[in-house]
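Commentary on secondary and tertiary structure
Take a look at the letters that make up each chain.
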Amino acid sequence: DLHSFPTRRSSDLCSSCPAGKYKSLPGSAACSSCKGGTYSSEGGTSVCRDCGRGTFLVVSGATSPGDCATCPRGKYSNATGVTSCLACGEGRHSSFVGATSDAHCSCIAGWTAHGGDSVQCTRCAQGKYKNTTGPGNCTTCVRGSTSPVGSDSLEACICMTGAGYIGDRGGPCTCLPGYSIYA
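Throughout, residues of each chain are indexed from 1 in the direction in which the sequence is written. Only residues with pLDDT of 70 or above have their local features reported here, since the model is predicted, and side-chain atom pairs are shown and tallied only from 80 upward, although totals for entire chains, interfaces and linings are computed over all residues. Heavy atoms from the whole structure form the basis of all side-chain values; hydrogens and water molecules are not counted.

1. Remarks on the overall build of the chain
Secondary structure elements are taken from DSSP: a helix is a run of H or I of four residues or more, a strand is a run of E of two residues or more, and numbering for both begins at the N terminus. Scanning the chain from N- to C-terminus turns up zero helices and 18 strands. Radius of gyration here uses only the C-alpha atoms, and the compact-globule reference equals 2.2 Å multiplied by the residue count raised to the power 0.38. The C-alpha atoms of the chain give 30 Å as radius of gyration, which overshoots the globular expectation for 183 residues (16 Å, by more than 25%). A principal-axis box enclosing the C-alpha atoms of the chain has dimensions of 125 × 25 × 20 Å. Buried positions account for 33% of the 183 residues belonging to the chain. In what follows, residue pairs with any heavy atoms lying within 4.5 Å of each other are defined as contacts. The contacts in the chain between residues at least 6 apart in sequence include a share of 30% that link residues at least 24 apart. Only the protein chains shown count as covering a residue, and every accessible area follows the Shrake-Rupley method with a 1.4 Å probe. Summed over its atoms, the accessible surface of the chain is roughly 11,300 Å², and 53% of this surface lies on carbon and sulfur atoms. Asp and Glu count as negative and Lys and Arg as positive, but His and the ends of the chain are not part of the count. One atom stands in for each charge, and that atom is NZ of Lys, CZ of Arg, CG of Asp or CD of Glu. Of note, the chain has its 15 positive side-chain charges centred 3 Å away from the centre of its 11 negative side-chain charges. Here the term buried applies to any residue with accessible area under 20% of the maximum for its type, exposed to any over 50%, and partly exposed to those in between, with areas from a 1.4 Å probe on protein chains only.

2. Re the nonpolar core
Residues Tyr39, Cys51, Leu57, Ala62 and Cys68 constitute the largest nonpolar core, which totals five residues. Contacts of alanine 62, omitting those with residues within four sequence positions, involve Gly20, Thr38, Tyr39, Ser40, Leu57 and Asp67. As used in this record, nonpolar core signifies buried Ala, Val, Leu, Ile, Met, Phe, Trp, Tyr and Cys residues forming a set joined through side-chain atoms within 4.5 Å.

3. Here's the deal with the side chain of serine 77
Looking at the secondary structure, you find serine 77 in the loop between β7 (75–76) and β8 (86–87). Judged by relative accessible area, which is 2%, serine 77 ranks as buried. A polar contact of 3.0 Å, which involves the side chain of serine 77, links it to the backbone oxygen of alanine 79. The contacts of serine 77, once residues within four sequence positions are left out, are Arg53, Gly54, Thr55, Cys71, Val82, Cys85, Ala99 and Thr100. Nitrogen and oxygen atoms within 3.5 Å of one another constitute a polar contact, given that in protein one can donate a hydrogen and the other can accept it, and given that sequence-neighbouring residues count only through two side-chain atoms.

Structural data, given as structure tokens:
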């Protein structure tokens, strides 16, 4: 028969790539899964969309921007399309989820910043403490007491009995019988 057409198999038909997959070049190659950090919520797409800043996505083949997870406290993501968030660094922490910049990280309690910023933090020295987050300075323990390096509360300051002082944690510290600061 002159007007008959060959029977087409379903495998011969071009089908749109499903959500979570894409195909960027023409040809008969298979669709590829969207890589981690990206998603495709519609079928028939040639490119996957990046998860936004402050988010990340570990798995491939995601189908929704809702699959992108928010960076937890203490981490941030300043780029789009990432598979993990960056840590704020030693002695630093972001106080909210979804931080998008290292600038959202500040010194934690027990740590202080160099030069008043929060870019590089160091532990409070022995005999000092800091009970707040941010760029503040460490506070010296009350007279007659000391604290371990990196202390984050006044209660970490203990009276130095070996130096003749007695008192509760955090002070005040007074001289033991037989000792005087005016000796």
